[in-house]
Amino acid sequence: MVDLNEKFVLGHLLMAPCRFGTREEAEKRARACSPHRWMHLIPGGRRQQRQSRDQEQAEAETKDCRGSPLAEDEPLRRGAREHLPPWRRKRFLRVPERDSPSHSSPERGSDGSRNSSDHEDGSSADFSYGADDYDAEGHEEQKGPPEGSETMPYIDESPTMSPQLSARSQGGGESISPTPPEGLAPGVEAGKGLEMRKLVLSGFLASEEIYINQLEALLLPMKPLKATATTSQPVLTIQQIETIFYKIQDIYEIHKEFYDNLCPKVQQWDSQVTMGHLFQKLASQLGVYKAFVDNYKVALETAEKCSQSNNQFQKISEELKVKGPKDSKDSHTSVTMEALLYKPIDRVTRSTLVLHDLLKHTPVDHPDYPLLQDALRISQNFLSSINEDIDPRRTAVTTPKGETRQLVKDGFLVEVSESSRKLRHVFLFTDVLLCAKLKKTSAGKHQQYDCKWYIPLADLVFPSPEESEASPQVHPFPDHELEDMKMKISALKSEIQKEKANKGQSRAIERLKKKMFENEFLLLLNSPTIPFRIHNRNGKSYLFLLSSDYERSEWREAIQKLQKKDLQAFVLSSVELQVLTGSCFKLRTVHNIPVTSNKDDDESPGLYGFLHVIVHSAKGFKQSANLYCTLEVDSFGYFVSKAKTRVFRDTTEPKWDEEFEIELEGSQSLRILCYEKCYDKTKVNKDNNEIVDKIMGKGQIQLDPQTVETKNWHTDVIEMNGIKVEFSMKFTSRDMSLKRTPSKKQTGVFGVKISVVTKRERSKVPYIVRQCVEEVEKRGIEEVGIYRISGVATDIQALKAVFDANNKDILLMLSDMDINAIAGTLKLYFRELPEPLLTDRLYPAFMEGIALSDPAAKENCMMHLLRSLPDPNLITFLFLLEHLKRVAEKEPINKMSLHNLATVFGPTLLRPSEVESKAHLTSAADIWSHDVMAQVQVLLYYLQHPPISFAELKRNTLYFSTDV
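Every chain is numbered on its own, with residues counted from 1 as its sequence reads. At least 70 in pLDDT is required for a residue's local features to be given in this predicted model, at least 80 for side-chain atom pairs to be given and counted, and no such filter applies to totals for whole chains, interfaces and linings, which use all residues. Hydrogens are left out, water is left out, and the side-chain values use all remaining heavy atoms of the structure.

Novice: Which residues make up the overall build of the protein chain, and what values do they have?
Specialist: From N to C terminus, the protein chain includes 35 helices and 23 strands. Looking at the 964 residues of the protein chain, the share that counts as buried comes to 53%. Throughout, a residue-residue contact means that at least one pair of heavy atoms, one from each residue, lies within 4.5 Å. Counting only contacts in the protein chain whose residues sit at least 6 apart along the sequence, the fraction spanning at least 24 positions is 74%. As displayed, the protein chain has an accessible area near 44000 Å², and 49% of this comes from carbon and sulfur atoms. Numbering of helices and strands starts at the N terminus; helices are DSSP runs of H or I of at least 4 residues and strands are runs of E of at least 2. Here's how the labels work: a residue is buried when its accessible area is under 20% of the maximum for its type, exposed when over 50%, partly exposed in between, all with a 1.4 Å probe on protein chains only. Per-residue accessibility takes into account occlusion by the displayed protein chains alone, with areas from the Shrake-Rupley method and a 1.4 Å probe.

Novice: Explain the packing of helix 17 (residues 479-501) against helix 32 (residues 898-909) residue by residue, including any values.
Specialist: Note on geometry: axes are lines fitted to C-alpha atoms, helical ones only across the stretch in contact, with angles between N-to-C directions running from 0 to 180 degrees. One can describe the packing of helix 17 onto helix 32 by two numbers: an axis separation of 7 Å at closest approach and a directional angle of 45°. Between helix 17 and helix 32, the interaxial angle falls into the category oblique. Residues Asp-479, His-480, Glu-483, Asp-484 and Met-487 of helix 17 lie in contact with helix 32, whose contacting residues are His-899, Asn-900 and Thr-903. Oblique is the label for any angle not under 35 degrees, not over 145, and not in the 65 to 115 range, which are roughly parallel, roughly antiparallel and roughly perpendicular in turn.

Novice: Tell me about the nonpolar core, and name the residues and values.
Specialist: Each nonpolar core is a collection of buried residues, namely Ala, Val, Leu, Ile, Met, Phe, Trp, Tyr and Cys, held together in the definition by side-chain atoms within 4.5 Å. Core analysis: the biggest nonpolar cluster contains 72 residues, and Tyr-787, Tyr-829, Phe-830, Phe-846, Leu-866, Phe-877 and Tyr-942 have the highest contact counts within it. In contact with Phe-877, other than residues within four places in its own chain, are Leu-837, Leu-838, Leu-866, Leu-909, Leu-939 and Tyr-942. Judged by nonpolar contacts, the second largest core, of 64 residues, contains Val-200, Leu-219, Tyr-289 and Ala-375.

Novice: Please set out the sheet that holds strand 13 (residues 607-619) residue by residue, giving values where relevant.
Specialist: One bridge is not enough; two strands pair if DSSP finds at least two bridges between them. The four strands lie next to each other as 17-13-23-22, forming an open sheet whose pairing is antiparallel. The open sheet is flanked by strand 17 (655-667) and strand 22 (714-720), the only strands paired with a single partner. Geometrically, the sheet is characterised by an average inter-axis angle of 30° between neighbouring strands, direction not taken into account. Direction of pairing for strand 22 relative to strand 23 (residues 723-733): antiparallel, over a ladder of seven bridges. Paired with Thr-715 across the bridge in strand 23 is Ser-728.

Novice: Tell me what's going on with helix 23 (residues 754-761), and back it up with residues and numbers.
Specialist: For helix 23, every residue scored as buried is listed here: Ile-754, Val-757 and Thr-758. For helix 23, the angular spread of buried residues about the axis comes to 95°, placing them on one side. Contact partners of the buried residues in helix 23: helix 27 (819-831) and helix 30 (871-888). Once helix 23 finishes, Arg-762 follows within two positions and takes phi at roughly 55°, a positive value. Starting at the helix axis, one direction is taken to each C-beta atom, and the arc is that of these directions.

Novice: Explain the pairing of strand 11 (residues 530-536) to me, using residue names and the numbers behind them.
Specialist: With six of seven residues buried, strand 11 is to be regarded as a mostly interior element. Direction of pairing for strand 10 (residues 460-461) relative to strand 11: antiparallel, over a ladder of two bridges. Paired with Val-461 across the strands is His-535, a residue of strand 11. Pairing of strand 11 with strand 12 (residues 541-546) involves six bridges; the strand directions are antiparallel. Looking at strand 12, one finds that Ile-534 is bridged to Tyr-542.

Novice: Outline the pattern of salt bridges, supporting the account with residue identities and numerical values.
Specialist: Put simply, a salt bridge is a Lys or Arg side-chain nitrogen that is within 4 Å of an Asp or Glu carboxyl oxygen. The full count for this structure, using the stated rule, is 23 salt bridges. Among the ionic pairs, Asp-374 bridges to Arg-377, the shortest N-O distance being 2.4 Å. Taken together, the residues Asp-374 and Arg-377, both in helix 16 (residues 368-387) and three residues apart, mark about one turn of the helix. The exposure class assigned to Asp-374 is partly exposed, which follows from its relative accessible area of 21%.

Novice: Help me get a handle on helix 32, residues and values and all.
Specialist: With respect to burial, helix 32 is a largely interior element, ten of its twelve residues being buried. Among the residues making up helix 32, those that are buried are His-899, Asn-900, Leu-901, Ala-902, Thr-903, Phe-905, Gly-906, Pro-907, Thr-908 and Leu-909.

Novice: So, the packing of aromatic side chains: which residues are in play, and what are the values?
Specialist: Stacked, edge-to-face and tilted are the three classes for Phe, Tyr and Trp ring pairs, Trp counted by its six-membered ring, which pair at centre distances within 6.5 Å; planes under 30 degrees apart are stacked, over 60 edge-to-face, the rest tilted. Under the counting rule described, the total for this entry stands at 17 aromatic pairs. Ring geometry for Phe-204 versus Phe-279: centroids 5.8 Å apart, planes at 35°, classification tilted. In this pair, Phe-204 sits in helix 8 (residues 190-219) while Phe-279 sits in helix 12 (residues 276-284), placing the two residues 75 residues apart along the sequence. In this structure, Phe-204 and Phe-279 share a single accessibility class: buried. A centroid spacing of 5.4 Å and a plane angle of 65° characterise the contact between Tyr-829 and Phe-830, whose relative ring orientation is edge-to-face. Judged by relative accessible area, Tyr-829 falls into the buried class, the value being 0%.

Novice: Account for the environment of Gln-497, with residues named and values stated.
Specialist: Relative to the helices and strands, Gln-497 is located in helix 17. Separated by twelve residues in the primary sequence, Gln-497 and Ile-509 have C-alpha atoms spaced 9.0 Å apart.

Novice: Give me the lowdown on the confidence of the model for the protein chain, citing residues and values where you can.
Specialist: Overall, the predicted model of the protein chain reaches an average pLDDT of 75, with 70% of residues at or above 70. As a per-residue measure, pLDDT reflects the predictor's confidence and takes values from 0 up to 100. The least confident element of the protein chain is strand 1 (residues 68-69), whose mean pLDDT is 33; the most confident is helix 30, at 96. Taken together, the stretch residues 388-393 has pLDDT below 50 and engages in 18 contacts with residues farther than four places along the chain or on a different chain. Every residue in residues 957-964 is under pLDDT 50, and counting partners more than four places away or in other chains gives 17 contacts.

Novice: Could you give an account of the side chain of Ser-763, naming the residues involved and the relevant values?
Specialist: Locating Ser-763 in the fold gives a position in the loop between helix 23 and helix 24 (767-779). Within the structure, Ser-763 has its side chain in polar contact with the side chain of Glu-761 (distance 3.3 Å). Whenever a nitrogen or oxygen atom comes within 3.5 Å of another N or O atom, the pair is scored as a polar contact, on the condition that within protein one atom can donate a hydrogen and the other can accept it, and that pairs from neighbouring residues in sequence are kept only if both atoms are in side chains.

Novice: Tell me about the environment of Ile-509, residues and numbers included.
Specialist: Inspection of the secondary structure assignment puts Ile-509 in helix 18 (residues 506-526). A relative accessible area of 11% means that Ile-509 is categorised as buried. As a C-alpha pair, Ile-509 and Glu-499 span ten residues in sequence and 6.7 Å in three-dimensional space. Those residues in contact with Ile-509, other than ones at most four positions away along the chain, are Ile-496, Glu-499, Lys-500 and Gly-504.

Novice: Lay out the side chain of Arg-421 in plain terms, naming residues and giving numbers.
Specialist: By secondary structure assignment, the location of Arg-421 is in strand 7 (residues 420-429). Here Leu-525 takes part through its backbone oxygen, which lies 3.3 Å from a polar atom of the side chain of Arg-421. For Arg-421, the side chain forms a polar contact with the main-chain oxygen of Pro-528, separated by 2.8 Å.

Novice: Talk me through the environment of Asp-357; I want residue IDs and the actual numbers.
Specialist: Within the secondary structure layout, Asp-357 lies in helix 15 (residues 337-360). Judged by relative accessible area, Asp-357 falls into the buried class, the value being 3%. Sequence separation of Asp-357 and Arg-197 is 160 residues, and the distance between their C-alpha atoms is 7.9 Å.

Novice: Describe in detail the packing of helix 23 against helix 30, supporting the description with residues and values.
Specialist: Any two packed helices are characterised by how steeply their axes cross, that is the angle between the axes, and by the distance between the axes. With their axes 9 Å apart at the nearest point, helix 23 and helix 30 run at an angle of 85° to one another. If you check the angle between helix 23 and helix 30, you find them roughly perpendicular. Along the contact surface, helix 23 presents Ile-754, Ser-755 and Thr-758, while helix 30 presents Pro-872, Asn-873 and Thr-876. We call Asp, Glu, Lys and Arg charged. Ala, Val, Leu, Ile, Met, Phe, Trp, Tyr, Cys and Pro are nonpolar, and the rest, Gly among them, are polar. Taken together, the residues of the contact of helix 23 with helix 30 break down into two nonpolar, four polar and no charged.

Novice: How would you sum up unusual backbone geometry? Please name residues and give values.
Specialist: In this model, Lys-247 sits at a positive phi of 70°, which is unusual for a non-glycine residue. You can see Lys-247 is positioned in the loop between helix 10 (238-244) and helix 11 (248-267). The partly exposed category is assigned to Lys-247, whose relative accessible area is 26%. Positive phi, normally seen in glycine, also occurs at Asp-657, with a value near 50°.

Pasting the structure below:
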């Protein structure tokens with residue numbers, strides 16, 4: 001009995017005897033072939049086959065099928081194309097599974113989606129511990145690398161139309177010899193086979209002409225760029241030019257010679273024409289492509305960086321003119337350099353597929369046959385070898401209209417939804433922004449993304465400050481709880497290291513890692529505060545919270561760059577949305593939640609200590625503006641703003657020459673952002689009531705320990721959007737920063753014992769402490785981040801010199817100085833005391849006292865320890881304590897809680913002696929060791945305690961000895 005599918009096929013075959021032989025021969029051939037082989041011979045057959053299979057396997061997971069796209073601008077010559085069968089007119093080549101009737105080559109359906117049935121590739125969760133309903137999916141689409149692909153695509157060495165031919169077996173192993181498919185052996189209908197050879201070659205020749213024109217367009221700017229490289233104002237350096245255009249000239253010459261030799265043979269076609277030796281020679285020169293592929297990512301990155309830093313090169317790279325084919329009406333088309341750099345990658349696969357087609361239609365006894373076999377073998381081996389080095393992750397899906405939807409950017413962001421924080425994975429495609437979450441799945445099941453919402457980029461707008469609505473009320477997480485999380489994370493990290501050192505049980509280590517992940521996840525979820533709002537012009541607004549203005553700017557710029565193209569609004573059907581969401585698992589570039597527990601053991605732990613940065617100057621501004629810079633470093637998986645220069649008014653070349661000391665907590669990167677200051681109070685962000693300043697440029701560098709861990713300053717330049725910011729930096733490790741060197745000059749105040757200073761001044765509290773506190777309370781108590789934001793190091797050093805010299809102009813200088821510099825001077829004074837304010841002798845007792853569980857015992861112990869301090873130390877400590885409490889009272893304005901202040905001052909006022917610190921500091925990560933946590937807790941205890949009177953302390957009877 002013949003089923004409907006078979007009747008459909010037979011109908012087409014029997015109605016086309018001119019194409020498939022006689023009616024009887026067509027029927028015989030159709031009956032002899034298995035369905036997955038004959039369906040591709042008829043127009044629409046694959047679609048019919050796919051629809052039938054989809055009905056049978058509606059619940060089946062889609063397969064990871066590798067596809068190789070043919071570039072849109074590589075059409076066949078019009079005359080040749082019209083005579084080609086439908087499979088040659090397809091825009092994308094498909095990869096069938098070898099010898100598997102149920103895994104036939106997938107085709108794009110009527111709705112634009114691609115379907116295939118297959119097993120999942122075995123991918124498992126990329127992070128060990130799920131959070132906030134996180135998952136991923138096996139639903140997969142055919143994805144080929146589109147023009148402008150930002151990451152290295154997977155090059156497919158498989159044929160498109162011969163199920164027997166595959167460079168890899170289904171098991172992923174051995175290469176298959178290039179023999180013609182069964183039932184289509186060369187020699188049968190030899191005349192028709194030779195005619196097909198001509199059609200295949202004509203089409204390939206036409207695309208080869210376009211490819212050569214593309215290489216010419218890519219090479220065109222290279223000569224003038226090289227000419228300017230030796231002048232006083234080069235656009236690019238010689239090294240940058242050689243990196244971007246690496247091997248392009250060689251590839252051009254190879255293909256120009258191949259084209260010039262092949263063209264006359266195709267134009268003067270007869271049955272005796274041979275051209276196998278040309279393909280054999282072309283295949284033998286694939287080593288040039290290997291070198292190009294190895295350099296491809298570097299070339300793209302270099303071109304991107306040069307575009308950001310040089311407007312002239314950006315204009316060149318965005319509109320390269322490519323000549324059209326000889327018979328084309330279009331004389332030139334504009335293509336980006338990024339898209340053209342991808343063409344050689346795509347060409348390797350195209351040439352290999354053409355060799356398959358030629359072999360299929362070449363008789364075995366033809367002189368070309370062994371030469372084409374050899375060329376195919378070389379090409380397949382080449383593709384197999386480079387595929388081992390290339391990331392197999394695809395970067396695109398296909399829209400229902402057959403257009404490429406490229407993944408441009410993705411990452412984890414915190415969304416404010418229903419007045420609570422939710423961790424989302426956000427995907428930016430070339431025409432749509434999709435917000436998803438990774439659902440929880442039971443053990444053994446594949447992860448799946450769940451789409452929360454999407455906005456077509458044509459409908460996405462960024463509301464201006466005055467247009468934006470007030471955000472839903474989201475209560476900020478208390479700072480002391482965030483700090484507690486950091487302490488728990490560091491303590492767990494230390495425990496994990498101890499377990500590993502002692503070769504502890506893997507289960508115990510896994511339990512600790514899980515606890516650590518849970519705390520890191522909560523920290524990541526609750527720490528961001530910078531609003532990033534987007535709006536759908538046809539619907540609602542969405543609010544994200546970010547920890548870094550740099551990150552907010554990256555997302556905004558990426559979206560705005562895509563919106564410059566001619567985008568159309570659309571609505572995704574439920575099926576289309578499911579397919580797009582399903583593709584996200586394989587497409588994603590950010591696999592792990594950015595927490596340290598997801599790092600491999602061999603990854604760098606980052607730097608712990610103090611980074612000294614001098615921001616010198618900036619150049620490249622086109623018009624005068626009020627300019628300043630901020631510095632960000634990463635800490636606990638996210639970036640935090642650490643310092644800010646003063647505003648340099650009305651200039652194109654600001655010269656700040658400001659030095660900052662930034663505390664690093666496992667940091668690996670430094671970011672510098674350059675802003676134009678906005679004084680217009682109408683431009684207030686309603687999400688956080690802060691005036692929105694304009695980012696003029698931004699840049700990032702890796703903190704290489706070998707570079708920064710030197711005694712000398714390291715000077716560097718960050719280039720950003722045509723702006724160059726010059727800065728210097730050096731690093732002081734945590735253990736080096738603990739060293740206290742007494743001042744040789746006892747006439748000053750810095751590095752001199754507090755008892756000596758107070759006796760000399762005949763005061764109870766050192767003059768420097770009183771003056772700095774007075775100035776902060778006068779005009780800095782409402783300053784955001786007071787004591788946390790670094791002051792300018794040069795200003796701090798100037799104040800230090802004035803106080804040491806007891807200069808009569810101290811008060812005048814203080815009144816003119818930046819308030820953060822004054823706060824920094826006070827911190828520096830306590831840090832440079834020869835002995836901490838709470839003394840080396842009592843340090844162990846403070847550590848043990850704060851660990852007591854009984855509140856009454858802790859109260860008696862902690863008060864007794866204060867009484868045990870020398871009077872100058874005690875009086876100064878109580879004076880500082882009351883000041884810090886007054887600062888914390890302004891927390892709603894200055895954002896400095898008691899816990900924040902304890903974190904800043906605790907390790908400064910209470911530190912182990914140098915001998916103690918050597919015993920305690922076993923690793924760099926001990927910046928958040930138990931000792932540091934305890935130091936913070938000691939100061940926090942006294943800050944949270946009711947007012948403490950010096951006279952009352954002295955009157956009370958001692959109940960405890962110092963031996964706690």
